[in-house]
Amino acid sequence: MGAHIDAGSQGAARTAASQLLSATDIWSGAPSPPPAAKPEPVPSPAPVAVAPPPQRVEVEAVAPPVAIRQTSRPWPPKKLSLALQGGGTFAAFTWGVLERLLEQPDIEIDAISGASAGAINALLLACGLAEGGREAARSRLSRFWLRLMHEASFRSLMLVGGFSPAGSSVAFGPTLRSGQFDPFDLDPLRQALSRDIDFSALRAANAPRLLIAATRIRDGQQQIFRNDAITADVALASTCPPLVHCAVEIDGEAYWDGGFGGNPPLVKLVQESGQESATPDLLLVQVTPSRDSYVPITLAAIDRRLDQIAANAALNAELAAIAWAQSQTTAPSLRLSRIAAEDSVDGLAQRSSTDLGRGFIRTLHRSGREAAERWLGQGASGADARHTLPAAEPALA
């Protein structure tokens, strides 16, 4: 299911309403009350004219938000920026979304941000587009995920950041957490990534702009790597689970999984997209569930839910910041949409992001394609009212 927000138009609606109220003094028809000492009686009809209800209704009805939302901007958008969330094997859903978008010849992928498994999908997409266009991008995504599914190994999970902070601490125990034993040599992981991603192609002029996130251990801040700086080590840093293997060092700085600081990076993507276009379109693909109707009881279930909440915390904060900024300024009209895996895959919150089962991966991929198809068909104004969220819900929950 897709969620569609035109944050700029919501601000425009409030501005139009404010201007109208300023120009129309709705209290001007109300006479001032007479002095108490005046003996003459006050004519009884006068109070009836005070702010009559029909006038208030008429003022509020002018320039309704729906009318303002309906702009002349084309749908589907001609140029689209993508924000790809990480979430282990749940990111196979994103594979399906991207595959369907690549079949839409009139959509140009402008910029892509990603963290953890979202970063891997972003790199595969950008590399394919730079090397051989849409078909090459589809081929790289498909080859990577099919190999991941068939190998079903620890290395496969390492490549998509499938080990959660809480889950890996339970699974591997104090020996792994001691930092004295690293069961995974990074060289095989580098080789596997280099097999699927030509990092030199990312620096080509026709490659989409990339914003890949990793988390600096020194200060906990988000580090964004762009095309010229992206290497296999950057990809490994973005997917580095701190409780499974050692930190990834780049230019003397140590990094962990990018999902801790921004999953995916959103504010910086909005800023860059706004610089390139006066009316940017941005699609967020969210794979980690935000809702769960069950209260977890077992240790594994509690760990899983904690990981889901933590993965979405930074995203929710960035969405709220974007909504606030749009309400406070006359910024370019941003059309922000969301496709969420949990809206298409029943019981996703109860599943593990380390599940490499072929049936599960294929279900995620198929669901992603179907969700993208619905998003493409919903229209510029969000034809289905269930897809449209009010400005009071910036977190797209």
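Summarised in this report is the structure supplied together with it.

**Considering the overall build of the protein chain**
(1) Moving on: Check the secondary structure of the protein chain and you find 12 helices and 9 strands.
(2) Moving on: Taking all 397 residues of the protein chain together, the buried fraction comes to 48%.
(3) Moving on: Considering only contacts within the protein chain whose residues lie at least 6 apart along the sequence, 80% involve residues at least 24 apart.
(4) Moving on: As displayed, the protein chain offers around 17800 Å² of accessible surface, 57% of which is attributable to carbon and sulfur atoms.

**Focus on the pairing of strand β7 (residues 253-256)**
(1) Moving on: Only one face of β7 is covered, namely the face carrying E253 and Y255; the face carrying A254 and W256 is uncovered.
(2) Moving on: As defined by bridge partners, strand β4 (residues 209-216) adjoins β7 across 2 bridges and the pair is classed as antiparallel. Considered in β7, the bridge of T215 is made with W256.

**Observations concerning a nonpolar patch on the surface**
(1) Moving on: Judged by side-chain polarity, I217, W256 and F260 come together as a nonpolar surface patch covering roughly 250 Å² of accessible area.
(2) Moving on: Locating F260 in the fold gives a position in the loop between β7 and α10 (267-276).
(3) Moving on: Judged by its relative accessible area of 42%, F260 falls in the partly exposed class.

**What about the packing of aromatic side chains?**
(1) Moving on: The final tally for this structure, using the stated rule, is 5 aromatic pairs.
(2) Moving on: Here the aromatic rings of F90 and F360 are separated by 6.1 Å at their centres, their planes lie at 75 degrees, and the arrangement is edge-to-face. On the criterion of sequence distance, the pair formed by F90 in the loop between β2 (79-84) and α4 (92-102) and F360 in helix α12 (residues 358-377) is long-range, its members being 270 residues apart. As far as the burial class goes, F90 and F360 line up, both buried.
(3) Moving on: Taking the centre distance of 5.6 Å and the plane angle of 85 degrees together, the rings of F144 and W145 count as edge-to-face. Taken as a pair, F144 and W145 share a single burial class, namely buried.
(4) Moving on: Through successive ring pairs, a cluster of aromatic residues spans W95, F144 and W145.
(5) Moving on: Positioned over the ring face of F360 is R351, at 4.1 Å from the centre of the ring.

**Considering the pattern of salt bridges**
(1) Moving on: One pass over the structure, following the stated rule, counts 22 salt bridges.
(2) Moving on: Ionic pairing is found between E373 and R100, a salt bridge with its closest N-O pair at 2.4 Å. Residue E373 is located in helix α12, and its partner R100 is located in helix α4; the two are separated by 273 residues in the primary sequence.
(3) Moving on: Salt-bridge contacts for R335 lead to D281; the nearest nitrogen and oxygen are separated by 2.4 Å. Residue R335 is located in strand β9 (residues 335-340), and its partner D281 is located in strand β8 (residues 281-286); the two are separated by 54 residues in the primary sequence.
(4) Moving on: Taking relative accessible area as the criterion, R335 reaches 3% and is therefore assigned buried.

**Re unusual backbone geometry**
The general pattern is negative phi for most residues beyond glycine and trans for most peptide bonds.
(1) Moving on: Cis peptide bonds are those with omega within 30 degrees of zero, and the linkage from W75 to P76 qualifies with -5 degrees.
(2) Moving on: The residue P76 is located in the loop between α3 (65-69) and β2 in this model.
(3) Moving on: Although it is not a glycine, S116 sits at a positive phi angle of roughly 55 degrees.
(4) Moving on: One can find S116 in the loop between β3 (108-115) and α5 (117-151).
(5) Moving on: Here S116 falls in the buried class, since its relative accessible area comes to 4%.
(6) Moving on: One non-glycine residue with positive phi stands out, namely D251, at about 50 degrees.
(7) Moving on: In this structure, D251 sits in the loop between β6 (248-250) and β7.
(8) Moving on: Residue D251 is classed as exposed on the basis of its relative accessible area of 80%.

**Here's the deal with empty space enclosed by the protein**
(1) Moving on: In this structure the tally under the stated criterion is 1 cavity of 30 Å³ or more.
(2) Moving on: Taken as a whole, the largest cavity spans an internal volume of roughly 50 Å³.
(3) Moving on: Around the largest cavity, the lining residues are F144, R147, L148, E151, R155, L159, A192, R195 and D196.
(4) Moving on: Residue assignment for the lining of the largest cavity shows that the elements contributing at least two residues are α5, α6 (154-159) and α8 (186-196).
(5) Moving on: With 4 residues, α5 is the single largest residue contributor to the lining of the largest cavity.
(6) Moving on: Of the residues belonging to the lining of the largest cavity, the class tally is 4 nonpolar, no polar and 5 charged.

**Looking at α4**
Think of an α-helix as 3.6 residues a turn; residues three or four steps apart then line up on the same face.
(1) Moving on: Of all 11 residues in α4, 11 are buried; the element is thus mostly enclosed.
(2) Moving on: Next to the buried residues of α4 lie β2, α5, β8, β9 and α12.

**Structural notes on the packing of α4 against α5**
Any two packed helices are characterised by how steeply their axes cross, that is the angle between the axes, and by the distance between the axes.
(1) Moving on: Packing of α4 against α5 leaves a shortest axis separation of 10 Å and a crossing angle of 145 degrees. Both α4 and α5 take part in a crossing whose hand is left-handed. From α4, A92, T94, W95, L98, E99, L101 and L102 reach across to α5, where they touch N121, L125, L129, R134, A137, R138, L141, S142, W145 and L146.
(2) Moving on: Its residues placed into classes, the contact of α4 with α5 shows 11 nonpolar, 3 polar and 3 charged.

The rules behind each value
Residue numbers run consecutively from 1 along every chain, following the written order of its sequence. Two thresholds apply to this predicted model, a pLDDT of at least 70 for residue-level local features and 80 or more for giving and counting side-chain atom pairs, whereas whole-chain, interface and lining totals are computed over all residues. The side-chain quantities take in all heavy atoms of the structure and omit both hydrogens and water. Numbering of helices and strands runs from the N terminus; a helix is a DSSP stretch of H or I covering at least four residues, while a strand is a stretch of E covering at least two. Any residue under 20% of the maximum accessible area for its type is buried, any over 50% is exposed, and the rest in between are partly exposed; the area is computed with a 1.4 Å probe on protein chains only. Contacts: residue pairs with any heavy atoms within 4.5 Å of one another. Accessible areas in this description were obtained via Shrake-Rupley with a 1.4 Å probe; residue shielding takes into account the shown protein chains only. By definition, two strands form a pair when at least two bridges between them are found by DSSP. Patch construction takes residues with relative accessible area above 30% that form no salt bridge. Like charges are linked within 9 Å, and nonpolar side chains (Val, Leu, Ile, Met, Phe, Trp, Tyr) are linked within 5 Å. The rule for a salt bridge is simple: a side-chain nitrogen of Lys or Arg has to be within 4 Å of a carboxyl oxygen of Asp or Glu. A pair of Phe, Tyr and Trp rings is counted when the ring centres sit within 6.5 Å of each other, with Trp represented by its six-membered ring. The angle between the planes then sorts it: under 30 degrees is stacked, over 60 is edge-to-face, the rest tilted. By definition here, charges over rings are those cases where NZ of Lys or CZ of Arg is within 6 Å of the ring centre and within 35 degrees of the ring normal. Computed over the protein atoms alone on a 1 Å grid, cavities are sets of points where a 1.4 Å probe fits but cannot get out and pockets are open sets with protein on both sides within 12 Å along at least five of seven lines; a residue lines them when it has an atom within 4 Å of a point. Grid points are joined across faces, edges and corners, and a volume is the space filled by probe spheres set on the points. Each residue is assigned to one class: nonpolar for Ala, Val, Leu, Ile, Met, Phe, Trp, Tyr, Cys and Pro, charged for Asp, Glu, Lys and Arg, and polar for all the others, Gly among them. Helix axes are fitted only over the stretch in contact, all axes being lines through C-alpha atoms; the angle between N-to-C directions runs from 0 to 180 degrees. In this scheme the handedness of a crossing depends on how the near helix is turned from the far one: anticlockwise by less than a right angle means left-handed, clockwise means right-handed.

All quantities given are derived from atomic positions and should not be read as evidence of function.
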